[in-house]
2 protein chains.
Amino acid sequence: MPKKDTALKIIPLGGLDGIGKNMTAFEYGDDMVLVDAGLMFPEDDQPGIDLILPDYTYVLENEHKLRGIVITHGHEDHTGALPYLLMDLTRKVPIYAAKLTLGMIAGKLEEHNIRQPKFREVQDGSNVTLGALNLTFFAMTHSIPGALGVFMNTPAGTLIHTGDFKLDQTPIDGRRPNYQAICKFGALGVDLLLADSTNATRPGFTQSEAAVGPNLRHIIKNAKGRVFVASFSSHIHRLQQVCDASVAVGRKVVVTGRSMVNNTKVARELGYLNIADEDIIDAFDVDRIDDDKIVVLCTGSQGEPLSALARMANGEHKSLSITANDTVIISATPVPGNEKSVQGIINSLSKIGCDIYDKSRALVHVSGHGSQEELKLMLAMVKPRNFMPVHGEACHLRAHAELAVKMGVPEKNIFVLDNGDTLEMRHGKVRRGRAVESGVVYVDGGNVTDANPVVIRDRQKLAQDGVVSVTVAISGKRKNVSAVEVTCRGISFGSDEELMEEARATVRAQADKLANSDGASIDSLRRNVRNSVSNLFWNRTHTRPMVIPVVLEV
Amino acid sequence: MPKKDTALKIIPLGGLDGIGKNMTAFEYGDDMVLVDAGLMFPEDDQPGIDLILPDYTYVLENEHKLRGIVITHGHEDHTGALPYLLMDLTRKVPIYAAKLTLGMIAGKLEEHNIRQPKFREVQDGSNVTLGALNLTFFAMTHSIPGALGVFMNTPAGTLIHTGDFKLDQTPIDGRRPNYQAICKFGALGVDLLLADSTNATRPGFTQSEAAVGPNLRHIIKNAKGRVFVASFSSHIHRLQQVCDASVAVGRKVVVTGRSMVNNTKVARELGYLNIADEDIIDAFDVDRIDDDKIVVLCTGSQGEPLSALARMANGEHKSLSITANDTVIISATPVPGNEKSVQGIINSLSKIGCDIYDKSRALVHVSGHGSQEELKLMLAMVKPRNFMPVHGEACHLRAHAELAVKMGVPEKNIFVLDNGDTLEMRHGKVRRGRAVESGVVYVDGGNVTDANPVVIRDRQKLAQDGVVSVTVAISGKRKNVSAVEVTCRGISFGSDEELMEEARATVRAQADKLANSDGASIDSLRRNVRNSVSNLFWNRTHTRPMVIPVVLEV
């Protein structure tokens, strides 16, 4: 039985580009609930890293407290760490999420051979008690169906976690944000609001998903040849609108790209995506249908080099190609960092000469996150006593905090957290808690590894200037040099024989010095070889390849 | 004496991201003129490359024809290859450019120890005869003063090269585009127009540089603490407006960042930037002046990690720091590919809590390139018989070509070139010419090197999965293994002793196999070592580090 002044701890984990985005732990006494278990994608300065996970050591150390994992929606930055976490937990913990979210997670877990997870389907209005924490879910709208927010009632106070959201009055499936529930919580009293900050710097109200449909239909209707639509494969409502427009103008839909095939399959099975079997055809069957009767739904809206759109744009797709007579719609916006890749695809398409539509030419995309007016509306409905902006980079968190000030939340009750920061709530009052270890771990091949800065730095260095492997074999008591080898990789002047000979001579000279000195060690020879070869390369080429010195005593 | 039907060859050189941008050769008989000599910057997938130059082998092979080099303006993508080219030429070739352009080039050449270049200052209206080619320069407006376009009169026909331009009716220095000259050429007849396509996808008219001033002044006037303005250091008119606003509200200007210091110095000396000595103070003297009497002009508008703004934002600048009381104006737009770096700086500044202005919040930047209405106006004034869009990615070239069609240029007379393509003009008629070798060369440390794809690929591989150096020494007739060493760099599991032992055992096994077989060569042992270690790592870790096998016979 927890004491009366036990605190509810709010512990964001991970989150390089958005605190409280990938994973947040809520802990009261011996009860802990996790909201989301997502992953991050590596940046350009993290070569060789495949994925980045929140460091959830804290969760593992407190596994006995973990009553459940809540997943607010099916995007990878909220679900992708789940397989790794489940493999690390020693017992099965229930996972609470909407039907589509669970459907998408199921596929991921299968890929990792995780059998029979404890799925618990929840929906708008569901109420779940997890130890001392009572959770009520409410419908939200986002760029994926089934998004949920959570109201949490605890002995230490109440809070709302919005999950990712926009406030869409005309969502494609008619499932609006549950304003009534949100306002009811607001009337009851919400001690802390954690809200999505992604678009906190954008004025106005994000347009409804429904605004996109008529434009898609107009373009598809007037296209001469095939129409290719690239979109996020999880954006089921966007796909629905493409399907609806295609069917309405008498075109068949072809689906290509692995995640597009997977997600449309799951969404159709679960009733989230509605299109008749006869209106969907296989990519290998397109050639028996006229071009102006085809719409291709494909991956690649972010310019991913191996995606279906990239392959088609570069003439490398196994069954589909794009001609000057065709139309390509990029129904998405580049995620920050992907601008160049998307531009690269647009350039390839420009060379083909097809008609290209992106957001700059027609309203073929709207954001899934609420803009400033929606964020203010959320603050007005919830009337939180304390506020913690989540899910955004530093500039978004700050902008959201400024909106909260304008909405009357006292500045001292607004908490902009950095990685490792935590909050504590007692009797409805919030203050900063003790900092926790809250880094990230890297998935590198089959290996989940600590964020080892030396490895990353070495890779950057290798990429920068290449590598020289220098081997010297010394033999006998006198430590005579019996062989020297110098091998280069990733070096522009690797074929400069004169330089290589100089390098070998340098190594020989170092080794001879050792032979003629008393007491000098192999270690110091190794060091001297590295330094002298490194300096030689710098003097001759103004680059500093990594030198790997190997000294063999034979 | 060239024959009557000698062609004027138009040969774009280099240009990964914009044909005819960095360097174009115009050759008639034994006379050749080069327009621009610029460089490119490497992409993320070109690790370790410092700069990229057009491959100007063609120019060197025809050096005896080269009558002059024209530089249209002082930006690096039009001037940066000049030092390398001049070092490769065996004689001094005159360089024609405006005063400021020459001033900026002079600094670059000095850095490369190039003495006494043959500078020939030209300006609006200058006429120069270079062999059979007669050049008339005309004033253009761009994001750097002194931009020039060129009208070329040749025995094979006439052409205009616009250089980079916008059509600014109210340029800060009052030096408007010379519409009268352009229209006169149009009336005389222009057989071919080469025009800047950078903004060919943007509707409307680019705003005047003068539109920025009042906003800068408003922000600077109302700022509480110090104001930091980051801008391109070559954008002298922007700097002028910052200086004017600062002086007008009684603030002193501090200049920081190497290129900002250099360019303001040159521009002041040559009379392009006007600010009294007493209004400029040294960075080390700021502490004796009140914060609200200071404006800092700095580099870093592209988020460059070592720039003044980045250092200040991260608390690493030697003399200046930014506090919550200060204001930062990013008076620029991220060049494609730099979005993330700029966002990183904005995040750092958000954490400091200072006031931040960028283009999304106030009109603190306008483009230096003309939008669609300006491009159409240019086409209307010149009335070219043939058109070649230059200076833009494939999508911009295509958009510009479409504008030309709308403006009445026959489609068959529009030439969208790809790398290596050339044009030929005879009797005013233009057609495609013979393709030339037109690649790029890389500057890698002190080394100007061919674009060696193996080196780049090796570096990418090294960055991806690291490197394993495997050394085995074999001795005697029986080729017994006398030593094995395995060394890892950039590998997450480099400290996995068990794996290292497995690797050594694998190598030993391969070497033993050799010892027991007749006729097997050292080469095949090397190959077997590489393959077996590579497979071991793949099986154990699902990564494929580069394996460097070294076999020593001792």
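Residues numbered from 1 in each chain as written. Chains lettered and ligands numbered in written order. Predicted model: local features only at pLDDT ≥ 70, side-chain atom pairs only at ≥ 80, totals over all residues. Heavy atoms only, no water.

Let us look at the overall build of chain A. Looking only at helices and strands, chain A has 15 helices and 26 strands in total. By principal-axis analysis of the C-alpha atoms, chain A measures approximately 90 × 70 × 45 Å. Burial status across chain A gives 59% buried among its 554 residues. Taking the intrachain contacts of chain A between residues at least 6 apart in sequence as the baseline, contacts between residues at least 24 apart amount to 71%. If you sum the accessible surface of chain A, you get close to 22400 Å²; carbon and sulfur atoms cover 47% of it. Considering chain A, the positive charge centre built from 62 side chains and the negative charge centre built from 66 side chains are found 3 Å apart. (Helix = DSSP H or I, 4+ residues; strand = E, 2+ residues; numbered from the N terminus. Buried < 20%, exposed > 50% of the residue type's maximum accessible area, 1.4 Å probe, protein only. Contact = heavy atoms within 4.5 Å. Areas by Shrake-Rupley, 256 points an atom, 1.4 Å probe, with all protein chains shown as cover. Lys, Arg positive; Asp, Glu negative; His and termini not counted. Charge placed at Lys NZ, Arg CZ, Asp CG, Glu CD.)

Let's shift gears to unusual backbone geometry. Residues and elements named next belong to chain B. Positioned with a positive phi, Asp36 is a non-glycine residue whose angle comes to about 70°. Considering the arrangement of structural elements, one finds Asp36 in the loop between β3 (31-35) and β4 (51-54). The backbone of Gln116 sits at a positive phi, close to 45°, despite the residue not being glycine. Its place among the elements puts Gln116 in the loop between α4 (99-111) and β7 (119-121).

Turning next to the relation of the copies chain B and chain A. With an RMSD of 0.1 Å, the operation that places chain B on chain A is a rotation of 180° combined with a shift of 0.0 Å along the axis. Taken together, the rotation angle and the small translation identify this as a two-fold axis. Distance from the rotation axis, computed per C-alpha, reaches its smallest value in chain B at Ala463 of chain B: 2.4 Å. When the interface residues of chain B are mapped onto chain A, 100% of them again lie at the interface, so the same face is used by both copies. (Least-squares fit on C-alpha atoms with pLDDT ≥ 70 in both.)

Residue and element names in this part refer to chain A. In total, this model carries four aromatic pairs over all chains according to the counting rule given. Ring centres 5.8 Å apart and planes at 55° place the aromatic pair Phe138 and Phe185 in the tilted group. Placement of Phe138 in strand β9 (residues 133-139) and of Phe185 in helix α5 (residues 179-188) is noted, with a sequence separation of 47 residues between them. Judged by relative accessible area, Phe138 falls into the buried class, the value being 0%. (Phe/Tyr/Trp six-rings, centres within 6.5 Å; stacked < 30°, edge-to-face > 60°.)

A separate point is the sheet that holds strand β1 (residues 8-13) of chain B. Residue and element names in this part refer to chain B. The strand order β7-β6-β5-β3-β2-β1-β20-β21 describes an open sheet built from eight strands, whose pairing is mixed. Strands with a single pairing partner mark the edges of an open sheet, and in this sheet they are β7 and β21 (429-432). Mean inter-strand twist for the sheet, computed between neighbouring axes without regard to direction, equals 20°. With three bridges joining them, β1 and strand β20 (residues 423-426) adopt antiparallel strand pairing. (Pairing = 2+ DSSP bridges. Axes fitted to C-alpha atoms, helices over the stretch in contact; angles between N-to-C directions.)

Residue and element names in this part refer to chain B. Read from one edge to the other, the open sheet built from six strands follows the order β15-β14-β16-β13-β17-β18, with strand pairing classed as parallel. Unpaired on one side and paired on the other, β15 (280-281) and β18 (355-357) mark the two borders of the sheet. As judged from the four bridges shared by strand β13 (residues 227-230) and strand β16 (residues 294-298), these two strands associate in the parallel manner. The residue of β16 that forms the bridge with Val227 is Val295.

Between chain B and chain A, the contact holds 62 residues from the first and 62 residues from the second. Contact with chain A buries surface across chain B, with Lys340, Arg398 and Arg489 of chain B losing the most and accounting together for 13% of the total. Its salt-bridge partner being Lys351 of chain B, residue Asp418 of chain A comes within 3.5 Å of it at the nearest N-O pair. Viewed at the interface, chain A and chain B are joined by 14 residue pairs in polar contact (both at pLDDT 80 or more). Residue classes in the side of chain B that touches chain A are distributed as 23 nonpolar, 22 polar and 17 charged. (Buried area = accessible area lost by both parts, 1.4 Å probe. Salt bridge = Lys/Arg side-chain N within 4 Å of Asp/Glu carboxyl O. Polar contact = N/O pair within 3.5 Å; in protein donor to acceptor, adjacent residues only side chain to side chain. Nonpolar A, V, L, I, M, F, W, Y, C, P; charged D, E, K, R; others polar.)

Per the UniProt record, the feature "domain: Metallo-beta-lactamase" (unreviewed entry) sits at residues 20-216 of chain A. In this annotation, residues 20-216 of chain A is assigned 22% helix and 27% strand; the end-to-end C-alpha distance for the span is 35 Å. (UniProt positions renumbered as here; feature names shortened; annotations may be inferred.)

This part is about the domain arrangement of chain A. Annotation of chain A at the domain level lists domain 1 (8-204 + 367-450), domain 2 (209-357) and domain 3 (466-553). The straight-line distance from the C-alpha centre of domain 2 of chain A to that of domain 3 of chain A is 56 Å. (Domains from an automatic or database assignment.)

This part takes up a positive patch on the surface. Residue and element names in this part refer to chain A. A contiguous patch of positive charge, built from Arg91, Lys92, Lys118 and Arg120, is present on the exposed surface. Examined against the element boundaries, Lys118 turns out to sit in the loop between α4 (99-111) and β7 (119-121). Since its relative accessible area comes to 34%, Lys118 is described here as partly exposed. (Patch = residues over 30% accessible without salt bridge, like charges linked within 9 Å, V, L, I, M, F, W, Y side chains within 5 Å.)

So, on to the state of the cysteines. Within the structure shown, the criterion is met by zero disulfides over all chains. No disulfide involves Cys488 of chain B; its nearest neighbouring cysteine sulfur is the one of Cys488 of chain A, lying 19 Å away. For Cys488 of chain B, a relative accessible area of 15% translates into the label buried. (Disulfide = S-S within 2.5 Å.)

Inspection of the secondary structure assignment puts Arg459 of chain B in helix α13 (residues 453-465). Given a relative accessible area of 1%, Arg459 of chain B falls into the buried group. With residues near it in sequence (within four places) discarded, Arg459 of chain B still touches Leu462, Ala463, Gln464, Asp465, Gly466, Gly490, Ile491 and Ser492 of chain A together with Pro47, Gly48, Ile49 and Asp444 of chain B.

The next subject is a negative patch on the surface. A surface patch of negative charge is lined by Asp44 and Asp45 of chain A together with Asp44 and Asp45 of chain B. Along the polypeptide, Asp45 of chain A turns up in the loop between β3 (31-35) and β4 (51-54).

Turning our attention to the pairing of β20 of chain B. Residue and element names in this part refer to chain B. Relative to β21, β20 runs antiparallel, the two being bridged by four bridges. If you follow Leu423 over to β21, its bridge partner there is Arg432. Joining the antiparallel neighbours β20 and β21 is a turn of two residues, in which His427 adopts a positive phi near 50°.

Turning our attention to the packing of helix α12 (residues 394-406) of chain A against helix α10 (residues 339-352) of chain B. At a minimum axis separation of 7 Å, α12 of chain A and α10 of chain B run at an interaxial angle of 45°. Comparing their axes, α10 of chain B and α12 of chain A come out oblique. Facing α12 of chain A, whose interface residues are Ala394, Cys395, His396 and Arg398 of chain A, α10 of chain B presents Gln343, Ile346, Asn347, Leu349, Ser350 and Lys351 of chain B. (Parallel < 35°, antiparallel > 145°, perpendicular 65-115°, else oblique.)

This brings us to the pattern of salt bridges. All names here are of chain A. Considering all chains together, one arrives at 46 salt bridges over all chains under this definition. For Arg361, the salt bridge is made with Asp355, and the minimal N-O distance between the two is 3.2 Å. Residue Arg361 is classed as partly exposed on the basis of its relative accessible area of 45%. Classification of Asp355 by relative accessible area gives partly exposed; the value is 28%. In this structure, a network of salt bridges that share partners links the residues Arg226, Asp287 and Asp291.

Another point: the packing of helix α13 (residues 453-465) of chain A against α13 of chain B. Each pair of packed helices gets described by two things: the angle between the helix axes and the distance between those axes. Where α13 of chain A contacts α13 of chain B, the two axes come as close as 8 Å, and the packing angle between them is 180°. Classified by the angle between their axes, α13 of chain A and α13 of chain B sit roughly antiparallel to one another. Residues Arg459, Leu462, Ala463, Gln464 and Asp465 of chain A of α13 of chain A pack against Arg459, Leu462, Ala463, Gln464 and Asp465 of chain B of α13 of chain B.

What follows concerns the UniProt feature "binding site: substrate" (unreviewed entry) in chain A. Residue and element names in this part refer to chain A. The positions that UniProt labels "binding site: substrate" (unreviewed entry) are, in the present scheme, His365, Val366, Ser367, Gly368 and His369. The exposure class assigned to Ser367 is buried, which follows from its relative accessible area of 13%. If sequence neighbours within four positions are ignored, Ser367 has contacts with Lys166, Asn199, Arg202 and Thr206. Looking at the element boundaries, His369 is found in the loop between β18 (355-357) and α11 (372-382).

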